[in-house]
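# Structural features, examined
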Amino acid sequence: MSRFEPREIEPKWQTAWEAAGTFTARRDETRPKYYVLEMFPYPSGRIHMGHVRNYTMGDVIARYKSSCGFSVLHPMGWDAFGMPAENAAMERGGHPKAWTYGNIADMRAQMKPLGLSIDWSREFATCDPEYYGQQQAMFIDMLDAGLVYRKNAVVNWDPVDMTVLANEQVEDGRGWRSGALVERRELTQWFFKISDFSEELLEALDGLDDWPEKVKLMQRNWIGKSRGLQMAFSLIDGPGGHDRIEVYTTRPDTLMGASFVGISPDHPLAKQLETQDEKVAAFCAECRKGGTTEEAIETAEKLGYDTGLRVRHPFDTAWELPVYIANFILMDYGTGAIFGCPAHDQRDLDFARKYGLPVTDTFVALEGGKPVENEAFVPPKTEKVRWVKGFAGPEIQTGEEAIDAAIRFCEENGVGHGVTKFRLRDWGLSRQRYWGCPIPVVHCEACGVVPEKKENLPVRLPDDVSFDKPGNPLDRHPTWRDCACPECGGKALRETDTMDTFVDSSWYYARFTAPRAATPTDAAEVEYWMNVDQYIGGIEHAILHLLYSRFFARAMHLTGHLPKKAIEPFNALFTQGMVTHEIYLTRDENNRPVYHLPEDVERREDGVCLKATGEKVEVIPSAKMSKSKKNVVDPVNIIESFGADTARWFVLSDSPPERDVEWTAAGAEAAYKHLARVWRMANEIAGASGEGEGDEDLLRAMHKAIHDVTMGIESFGFNTSVAKLYAFTNTLQKSKAGAAARKQAMKVMAQLMAPMTPHLSEEIWALLGGEGLVANAPWPKADAAMLVEDTVTLPIQINGKRRSEISVPKDMPKEEVEKLALADDAVVKALAGGQPKKLIVVPGRIINVVI
RNA sequence: GCCCGCGUGGUGGAAUGGUAGACACAGGGGACUUAAAAUCCCUAGGCAUAGCGCCGUGCCGGUUCGAGUCCGGCCGCGGGCACCA
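So, here is what we can say about the structure in this document.

Conventions adopted
Residues numbered from 1 in each chain as written. Chains lettered and ligands numbered in written order. Predicted model: local features only at pLDDT ≥ 70, side-chain atom pairs only at ≥ 80, totals over all residues. Heavy atoms only, no water. Salt bridge = Lys/Arg side-chain N within 4 Å of Asp/Glu carboxyl O. Helix = DSSP H or I, 4+ residues; strand = E, 2+ residues; numbered from the N terminus. Buried < 20%, exposed > 50% of the residue type's maximum accessible area, 1.4 Å probe, protein only. Contact = heavy atoms within 4.5 Å. Arc of directions from axis to C-beta. Polar contact = N/O pair within 3.5 Å; in protein donor to acceptor, adjacent residues only side chain to side chain. Near = heavy atom within 4 Å. Nonpolar A, V, L, I, M, F, W, Y, C, P; charged D, E, K, R; others polar. Pairing = 2+ DSSP bridges. Axes fitted to C-alpha atoms, helices over the stretch in contact; angles between N-to-C directions. Core = buried A, V, L, I, M, F, W, Y, C linked by side-chain atoms within 4.5 Å. Phe/Tyr/Trp six-rings, centres within 6.5 Å; stacked < 30°, edge-to-face > 60°. Lys NZ or Arg CZ within 6 Å of the ring centre and 35° of its normal.

### Structural notes on the pattern of salt bridges
In total, this model carries 43 salt bridges according to the counting rule given. One salt bridge in this structure joins Arg550 and Glu568, with 2.8 Å as the shortest N-O distance. Of this pair, Arg550 sits in helix H17 (residues 544–558) while Glu568 sits in the loop between H17 and strand E26 (573–576), and the two are 18 residues apart along the sequence. Here Arg550 and Glu568 have matching classes, each one buried. The salt bridge partner of Lys724 is Asp708, with a shortest N-O separation of 4.0 Å. Of the two residues, Lys724 is situated in helix H22 (residues 718–734) and Asp708 in helix H21 (residues 695–714); the sequence distance between them amounts to 16 residues. Connected through salt bridges with shared partners, the residues Glu200, Arg550, Arg554 and Glu568 form a single ionic network.

### Let's talk about the environment of Phe391
Note on placement: Phe391 falls in the loop between strand E15 (384–387) and strand E16 (396–398). Here the alpha-carbon distance between Phe391 and Val359, two residues 32 residues apart in the chain, equals 18 Å. Non-local contacts of Phe391, meaning those with residues more than four positions away in its chain, are made with Pro252, Asp253, Leu255, Met256, Phe315, Ala406, Phe409 and Cys410.

### Section: helix H11 (residues 346–355)
Three- or four-residue spacings in an α-helix give side chains the same orientation, since the helix completes a turn every 3.6 residues. Three or more residues of H11 are buried, namely Asp348, Leu349, Phe351 and Ala352. Mapping the buried residues of H11 onto a view down its axis gives an arc of 165 degrees, with all of them on the same face. Against the buried residues of H11 lie strand E10 (260–263), strand E11 (304–313), strand E12 (316–326) and strand E13 (337–340). For H11, the N-terminal capping position is held by Asp345, with its side-chain oxygen 2.9 Å away from the main-chain nitrogen of Arg347. Immediately beyond the C-terminal end of H11, within one or two residues, lies Gly356, with a positive phi of roughly 65 degrees.

### Points about the protein's contact with RNA strand B
Around RNA strand B sit 65 residues, and of these Asp79, Asn167, Arg431, Arg433 and Asn848 come closest. The share of sugar and phosphate among atoms of RNA strand B within 4 Å of the protein is 62%. In the environment of RNA strand B, a sugar or linking oxygen lies 2.6 Å from a nitrogen or oxygen atom belonging to the backbone of Asn167. The separation between a base oxygen of RNA strand B and a polar side-chain atom of Arg845 is 3.0 Å. Partitioned by chemical class, the residues of the surface near RNA strand B number 24 nonpolar, 18 polar and 23 charged.

### Some remarks on the sheet that holds strand E36 (residues 846–850)
Spatially, the 4 strands line up as an open sheet ordered E34-E33-E36-E35, and their pairing is mixed. Two strands bound the open sheet, and with one partner strand each, they are strand E34 (801–809) and strand E35 (838–842). Each neighbouring strand pair of the sheet contributes to a mean axis angle of 20 degrees, computed without reference to strand direction. Contacting strand E33 (791–798), E34, E35 and E36, helix H25 (residues 814–823) runs over the sheet at an angle of about 125 degrees to E35.

### A word on the side chain of Arg53
You can see Arg53 is positioned in helix H2 (residues 49–67). Judged by its relative accessible area of 0%, Arg53 is buried. Among the polar contacts made by the side chain of Arg53, one reaches the main-chain carbonyl oxygen of Arg659 at a distance of 2.8 Å. In contact with Arg53, other than residues within four places in its own chain, are Gly577, Met578, Val579, Val651, Ser655, Pro656, Pro657, Arg659, Asp660 and Val661.

### What to know about the nonpolar core
Of all hydrophobic cores here, the largest spans 157 residues; its most connected members are Phe139, Phe192, Tyr508, Tyr509, Phe552 and Met746. Broken down by element, the residue count for this core peaks at 10 residues, all from helix H20 (residues 665–686).

### Quick look at the packing of aromatic side chains
Overall, the coordinates contain 47 aromatic pairs when judged by the stated rule. Seen in terms of ring centroids, Phe192 and Phe551 are 5.8 Å apart; in terms of plane orientation they differ by 55 degrees. Their pairing is tilted. Linking Phe192 in strand E7 (residues 183–192) with Phe551 in helix H17, this pair joins segments that are 359 residues apart in sequence. Here Phe192 and Phe551 have matching classes, each one buried. When the ring of Phe233 is compared with that of Phe339, the centres are 6.2 Å apart and the planes differ by 70 degrees; the resulting orientation is edge-to-face. Residue Phe233 is found in strand E8 (residues 225–236), and its partner Phe339 is found in strand E13; the two are separated by 106 residues along the sequence. Overall, the relative accessible area of 0% leaves Phe233 in the buried class. Judged by relative accessible area, which is 6%, Phe339 ranks as buried. In this structure, Lys193 packs its charged tip against the face of Tyr149, placed 5.9 Å from the ring centre.

### Here we look at the sheet that holds strand E22 (residues 482–484)
Within the open sheet, the 4 strands sit side by side as E21-E20-E23-E22. Their pairing is antiparallel. Where the open sheet ends on each side, the last strands, each with one partner, are strand E21 (448–451) and E22. Neighbour-to-neighbour, the strand axes of this sheet turn through a mean angle of 45 degrees, independent of strand direction. Sheet topology note: the strand E20 (residues 441–444)/strand E23 (residues 491–494) ladder contains 3 bridges and is antiparallel.

### Focus: unusual backbone geometry
With omega at -5 degrees, the peptide bond leading from Leu457 into Pro458 counts as cis. Take Pro458: it is sitting in the loop between E21 and helix H13 (473–476). The omega angle of the peptide bond from Met530 to Asn531 is 5 degrees, so this bond is cis rather than trans. Within the element layout of this structure, Asn531 appears in the loop between helix H16 (523–529) and strand E25 (534–538). Even without being a glycine, Phe716 presents a positive backbone phi close to 60 degrees.

### Focus on the pairing of strand E3 (residues 148–158)
Here E3 runs beside E7; their pairing, made up of 10 bridges, is antiparallel. Considered in E7, the bridge of Tyr149 is made with Phe191. Pairing between E3 and strand E4 (residues 163–165): 3 bridges, direction antiparallel. Following the sheet pairing, Asp158 is matched in E4 by Thr163. As consecutive antiparallel partners, E3 and E4 are separated by 4 residues, and within that stretch Met162 has a phi angle of approximately 55 degrees, a positive value.

Rendered as structure tokens:
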């Protein structure tokens, strides 16, 4: 018998699949379709274990569904625009295009040996002009449909490099290259009107039954529907025609506890004061320092500036409140102005204590209610509390009831009106960068902003650009901007903003259904293939990518590019965990960590050492694989030494798919050993002959395995499927059954393993004389009659603790079971002649005797 | 700071509210071998132990005949926070 040689069998079967066109997706109206999609990768140049895990999971589903008779679409492409290509060009010279396409070629070459059942004929990259040209066509349609507009918005501005920075490029409030303090600056930007769909995107979440609850919850909170009161405080002696401040509050019930009014530094009133008062200007400038992220704003020290202006309380004209400019109030949300009620909001309380403002309780706990000191009293809105400064509704009511009553009261008395607001902001898609999809509009002095004619698409990126200076190369290109106005034919300039890469990834799933179509989509193809039946990707995309895709599908429907049924493009979503690894480090003379690759390290009896020098290394618990920590395992090395099936088997085993999996060398070796064992077993069984004992038992185990493995795959419990396959292997190995039964069992084993270890399975299938390719064989069905056990073992608990067990026929009536249980030695002893207080018999499960 | 998850032996993990630790890794013991590798078999949560037993799913409390699972509070770790993809 020869050895298990993945290096020989894997390329052999990959060639066979390719020759047979096994994975080419075919639109076959006579069969049900199944569309499996994994989030496509950014072409960094190297695949990593996270990719292997992600794509293997999708591959298991794709191969399994194919065996179940579905016409499967399982495509692959590249999310190819983005900053890293420009960074590479800046750091190492070269061109983003060459870098990106080079990386794609490298990664494709690394992925192919995995033996994924991908229809490579549909491959595309988002930086292909054929793709982004169609995206530009849709942009124009959406512009016509009123789904796109321009407005001012803030960006991170690096005042030294004179360029816009991504949030990632801001470190501790400073530009990553210049080190300059970043400022928030306003620019005119393009926006998608996603906020028009706030209600719709929120409500439609309820229909996404096969999405994880946590993702739906995150999206709900992100959209952030709230009902509140919009009202005005009248301003005393306001400057420049400002006679009122509109505020929005979700807690109008606390209006009697108000102690100040706060406005955003970007509020029109603040801007007015800025022009009149140097101190205000200095304060507002201070507020604009730092990055634009919500995190930066929320964690910054809360600062306020007393404008000296006063407003009147709407219920008492003698009651005046100070007006502060505060750095934590966002102009984007609500009206850009609030009233602060320190007793019931921690941030307002901190602010009030800092600036010596009054703290007035409006409600207290029903029992033991104490006045607020340094901790705001913020009970759940569903909890009943006692109002000590209420103005609407009964003295004792919940926050919810009080809010409703307050809104009603205010409306009746002409103080504001109830409004519904959403946290979701419009999607700013402008990027002041080169390596992205050009926004296909031109700026004409006569006609203004005009969309490019569709026949002139794609608006291509110019190749002759340089990255020696910061900023957008499109801006400083000598000729690219020059064009003729599509309307008047006069001289015009192209828009130099490109699109956010989230636009690229918001419709690629639709393009895969007809990747070469001359229009963005093909009606017949999207009708057949949409929706994506199973989408798989990282939890880090739970909000933005998935929400944008849901919006984009709706926008594509409104512009005629997708059918109504596809407005929720992903029927089922699965979010997989990361691949992690231990981190190895030594210390340099300054005690700074020096990281080491796993392959440079070995385990010895006395600990973990460097292979080269024997120096001891510190081992830090597993973390996400990252280049900087050097805790990376290159899939290419694993495939070369153990084969793709081993890598696939390992990433599926042990950890549940939604959780992180820790890569260990020992685990990979164990996976290889197991596959080699299965291979040897298949060879032995292929040569076996004659009768044996226990055929029935083996076939029962086989049907159990079919049932369990199938359930595992159906429920994304690949690790439990793998465990069942281990168990079935153990059973088969120990079985003394006859050759025919063992051959049958082994063939089923090959089929059950085929989605996970397709190459080995083909080899075994062929060895045992299976017909055709196992990839084309129908999925085995478990015989229900073979799954039924005749007797069951019932544990007996006494007061909830397991003390004994009895074996009874499966269908024994409850009364009989009770009698047997009461006759059990342990029970008799525990009862000591007395009667049980309670006797619980759960048929087929458990008996509990309460004494 | 805000939103969302996760936490079970030495390790990865299993477990429709019903026998906690399936399956595997590392470990221990044995078989085979001149020897090693490979392979095969046995063992294995902790404490105590001849045995009976007691404790145990991050911590504290609750619901239940029964809680890893449900509820409340804490601690720790991870993801997201709108220009990383």
